[in-house]
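# Examination of the molecular architecture
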Amino acid sequence: MEVADVLHRGEHAAWSLAALTVVGRGDGPPALMRSAAELLAALGVFDTADGALRGLEHSTPHQVAAQAAGTLFKTAAVARGDGAAWSAQTDEALRAQGRASAQGARAFAQLALPSMPDLARALERPGARMLDVGTGVGALAVAYAEVFPQLRVLGIDVLDRSLGLARQTLAEVPDEIAQRVTFRRLDVAELVDTEGFDLVWLPAPFIPEPALRAGLRRLADATRPGGWIMVGHGKYGQDAVEDALNRFQTVTYGGTPLDGPTATAWLHDAGFDSTRTVPTPPGSPAITFARRTPRA
Ligand SMILES: C[S@@+](CC[C@H](N)C(=O)[O-])C[C@H]1O[C@@H](n2cnc3c(N)ncnc32)[C@H](O)[C@@H]1O
């Protein structure tokens, strides 16, 4: 491919996302709406007769608009050189990301939990605790509290804006759920917790490497004997362009482009054992599980 091809394809892709933003929001000037819809119809994703985007089973037009705008805002932040691609997103885009990540709680209960010795029982006990590192808008933390009725979840984050949105998330759920979820402004590298967690979620693509490495040692101390940690990380080794794109995105978010073997090695160094990288559906992060040695 030539540089001119990348420019041409990139221009197509960027303007197509802009059209999705305009049509998904549905509140632009009529001439703009019409021409954006014309582009999407030519791409085959807009039904002119219905006046609607095609094939939206799992998301609303507003959510599509937020996702499309999110990509444009993040890449624009990189192009401007302001180096804050993650926090450059709108509140709606952060919420959309949260909603997507929240699906992980049910997937975890169905697909992963049955193969994690003793954890299902631990999560059913009164006093069961989970730590959600990088809790963002808190959607994943709330989803875990919904799936496991005894579980108390602590969500930590370093961004005040995210924590403000997380408190709004909590205000929208029933009291019974809300009273089991707590948010705290805390860097995982500085975590101290004496009560202990049965389960920890750590999304490496959003945590800077020094905080991730220091955090892993703190998390080993904070995980109850027999408790588990799940590290979300990149899927590498399938395709050179996808791999490089994934690393580039991760670095612009300020996170760590970690692969399975490195996740395993770092978990062992931090004091975890029984590590295992499990297959996950396309589009989801890879996950490596590890355990604190149970008491004899
Ligand atoms: C992708 S978001 C999490 C999405 C989340 N599951 C939700 O439901 O919205 C990742 C978060 O990690 C946070 N983060 C980055 N570095 C951190 C650190 N050292 N300690 C704690 N949180 C951190 C970021 O501020 C960001 O809000």
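Residues numbered from 1 in each chain as written. Predicted model: local features only at pLDDT ≥ 70, side-chain atom pairs only at ≥ 80, totals over all residues. Heavy atoms only, no water.

### Some words on the side chain of D132
Looking at where D132 falls in the secondary structure, it is placed in strand β3 (residues 129-133). The side chain of D132 is buried and forms no salt bridge, while R167, the nearest opposite charge, is found at 13 Å. In terms of polar contacts, D132 uses its side chain to reach the side chain of T135, at 2.7 Å. (Helix = DSSP H or I, 4+ residues; strand = E, 2+ residues; numbered from the N terminus. Buried < 20%, exposed > 50% of the residue type's maximum accessible area, 1.4 Å probe, protein only. Lys, Arg positive; Asp, Glu negative; His and termini not counted. Salt bridge = Lys/Arg side-chain N within 4 Å of Asp/Glu carboxyl O. Polar contact = N/O pair within 3.5 Å; in protein donor to acceptor, adjacent residues only side chain to side chain.)

### Brief notes about the nonpolar core
F108, L119, Y144, L199, M230 and F289 are the most contacted members of the largest nonpolar core, which has 39 residues in total. No other element matches helix α6 (residues 139-147), which puts seven residues into this core. Aside from chain neighbours lying at most four places away, what touches Y144 is G104, A105, F108, M130, L151, V153, L199 and M230. Counting 28 residues, the second-largest nonpolar core is a separate cluster that includes F197, L219, V231 and A290. (Core = buried A, V, L, I, M, F, W, Y, C linked by side-chain atoms within 4.5 Å. Contact = heavy atoms within 4.5 Å.)

### Overview of the domain arrangement of the protein
Each assigned domain of the protein is listed here: domain 1 (3-80) and domain 2 (98-291). Put simply, the middle of domain 1 and the middle of domain 2, counted by C-alpha atoms, are 32 Å apart. (Domains from an automatic or database assignment.)

### A closer look at the site of the ligand
In the vicinity of the ligand there are 22 residues, among which S101, G134, V137, D157 and D187 approach most closely. Between the ligand and the protein, one listed contact pairs an oxygen atom with a backbone N or O atom of L140 at 3.2 Å. In this structure, a nitrogen atom belonging to the ligand sits 3.1 Å away from a main-chain N or O atom of V188. Burial of the ligand by the protein chains amounts to 94% of its free accessible area of 610 Å². (Near = heavy atom within 4 Å. Areas by Shrake-Rupley, 256 points an atom, 1.4 Å probe, with all protein chains shown as cover.)

### Focus on the packing of helix α1 (residues 3-25) against helix α2 (residues 30-43)
Across the interface, α1 lies against α2 with an axial gap of 9 Å and an inter-helix angle of 125 degrees. Relative to α2, the element α1 is oriented oblique. Handedness of the α1/α2 crossing: left-handed. Here α1 contributes W15, S16, A19, L20, V22 and V23 to the contact with α2, which in turn contributes L32, M33, A36, A37, L39, L40 and L43. (Axes fitted to C-alpha atoms, helices over the stretch in contact; angles between N-to-C directions. Parallel < 35°, antiparallel > 145°, perpendicular 65-115°, else oblique. Left-handed = near helix turned anticlockwise from the far one by under 90°.)

### Concerning the sheet that holds strand β5 (residues 181-185)
Pairing in this open sheet of seven strands is mixed, and the strands run β5-β4-β3-β6-β7-β9-β8 from one edge to the other. Since the sheet does not close on itself, it has two edges, and those belong to β5 and β8 (273-278), each with one partner. Within the sheet, the average angular offset between the axes of one strand and its neighbour, ignoring direction, is 15 degrees. With respect to the sheet, α6 is in contact with β3, β4 (152-157), β5, β6 (197-203) and β7 (223-233), its orientation differing from that of β5 by roughly 155 degrees. Across the face of the sheet, helix α11 (residues 260-270) comes into contact with β7, β8 and β9 (286-291) while running at roughly 165 degrees to β8. (Pairing = 2+ DSSP bridges.)

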